[in-house]
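Commentary on secondary and tertiary structure
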Amino acid sequence: MTGELAKFVLAAQFLTRLPLRTDRLFTAERLAQAPRYFPLVGLLVGLASAAIFWLAALMLPALLAVLLAVGAGLLMTGAFHEDGLADTFDGIGGGLTRERALEIMKDSRLGTYGAAALFTALALKAGALWSMPPAWICFALPIAHCISRFSAVCVIATSRYVREKGTGKPVVSGISATSLMIAGVTALGAVAVGAVLFPVVSLLFGLVSFCFAHVLMRLFFEPKLGGYTGDTLGAVQQASEIGFYLGLLAWL
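An account of the accompanying structure is given in this report. Predicted, not measured: the structure shown is a model, and the values here were computed from it.

Overview of helix α10 (residues 200-225)
- The end-to-end C-alpha distance of α10 is 37 Å, a good match for the 38 Å that 26 residues give at a rise of 1.5 Å each.
- Leu219 marks where α10 bends most, by close to 30 degrees; the proline Pro223 follows one to four residues later.

Listed below in structure tokens is the structure:
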């Protein structure tokens, strides 16, 4: 197996709960370069979710099909990003100091801030998708999953990891220019496909809202933490995905 394929498999193993055997593939260097394939893994998760929606919509009302598609994404990723979103809101909302915020974010228990953020995020995601035409849902899911993972990669490239150890530790030194380029080209390819599938104005609104959500989430946690953690990468991914959906609806 080539090094690049090994990095992709490690990225998929890191972001999903797919039963992948990576024992013989693992090296610290490969894991550090795995984020270059985060958008591609997101694209595959989105395609699988879109397939679930399409199949369910043949037999069930649109709302139930949307809920099954969202649920399928949660199962595939083990709610990895949603857990990060909840922990981020618990830490930033409940921690008066940087140290206390980081301590709360390590706690596996779900607090009030995290529960409220998680419920709101899932409701916005399902509600936004349900408001779209069925064909748009099938197109929006893979594109949003892809570019929102690139949004998280951008945080790695432009911020610093603030813990001594944790889920983000393998990329503590940042991300290489080559990895950033590969991730960016993957996301750009998804956007290019979206330009064919969506009205141009709708796609532009989606991308503007996507960027706004990315910046807004970073403004929420970076001033207090002075950087990012693995949890906040999940929060950025969730905010960016939802932002894209809401932007598309602005010009439906």
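Text resumes after the structure shown.
A short note on the environment of Ile52
- The topology assignment puts Ile52 in helix α3 (residues 38-57).
- Using a relative accessible area of 36% as the deciding quantity, one classes Ile52 as partly exposed.
- Ignoring anything within four residues of it in the chain, the contact list for Ile52 reads Leu68, Ala69 and Ala72.

Quick word on the packing of α3 against helix α8 (residues 134-158)
- At a closest axis distance of 7 Å, the pairing of α3 and α8 adopts a crossing angle of 160 degrees. If you check the angle between α3 and α8, you find them roughly antiparallel. Where α3 crosses over α8, the two elements pack in a sense that is right-handed. Facing Phe38, Pro39, Gly42, Leu43, Val45, Gly46, Leu47, Ser49, Ala50, Phe53 and Trp54 of α3, the residues of α8 in contact are Pro134, Ile137, Cys138, Leu141, Pro142, His145, Cys146, Arg149, Phe150 and Val153.

Considering the side chain of Arg36
- Within the secondary structure layout, Arg36 lies in the loop between α2 (28-33) and α3.
- For Arg36, a relative accessible area of 6% translates into the label buried.
- Only 3.1 Å separates the side chain of Arg36 from the side chain of Glu4, close enough to count as a polar contact.
- With residues near it in sequence (within four places) discarded, Arg36 still touches Glu4, Lys7, Ser176, Thr178, Ser179, Ile182 and Ala183.

A closer look at helix α5 (residues 80-94)
- With 15 residues, α5 extends 21 Å between its outermost C-alpha atoms, agreeing within 8% with the 21 Å of an ideal straight helix rising 1.5 Å per residue.
- Residues of α5 that are buried: His81, Glu82, Gly84, Leu85, Ala86, Asp87, Thr88, Asp90, Gly91 and Ile92.

A closer look at unusual backbone geometry
- Even without being a glycine, Ala79 presents a positive backbone phi close to 55 degrees.
- Checked against the element boundaries, Ala79 lands in the loop between α4 (62-77) and α5.

Observations concerning the pattern of salt bridges
- Under the criterion given, the structure shown has eight salt bridges.
- Across the pair Glu4 and Lys7 runs a salt bridge whose closest N-O atoms are separated by 2.8 Å. Residue Glu4 and its partner Lys7 are both found in helix α1 (residues 3-15); the two are separated by three residues, about one turn of the helix.
- The class for Lys7 is buried, based on a relative accessible area of 10%.
- In this structure, the salt-bridge partner of Asp107 is Arg109, at a minimum N-O distance of 2.7 Å.
- On the basis of relative accessibility, which here comes to 25%, the residue Asp107 falls in the partly exposed class.
- Overall, Arg109 belongs to the exposed group, its relative accessible area being 64%.
- One salt-bridge network, held together by shared partners, links Glu4, Lys7 and Arg36.

Calculation criteria
- Residues numbered from 1 in each chain as written.
- Predicted model: local features only at pLDDT ≥ 70, side-chain atom pairs only at ≥ 80, totals over all residues.
- Heavy atoms only, no water.
- Helix = DSSP H or I, 4+ residues; strand = E, 2+ residues; numbered from the N terminus.
- Expected span 1.5 Å × (residues − 1).
- Bend = angle between axes of the 7 residues up to and from the residue.
- Buried < 20%, exposed > 50% of the residue type's maximum accessible area, 1.4 Å probe, protein only.
- Contact = heavy atoms within 4.5 Å.
- Axes fitted to C-alpha atoms, helices over the stretch in contact; angles between N-to-C directions.
- Parallel < 35°, antiparallel > 145°, perpendicular 65-115°, else oblique.
- Left-handed = near helix turned anticlockwise from the far one by under 90°.
- Polar contact = N/O pair within 3.5 Å; in protein donor to acceptor, adjacent residues only side chain to side chain.
- Salt bridge = Lys/Arg side-chain N within 4 Å of Asp/Glu carboxyl O.

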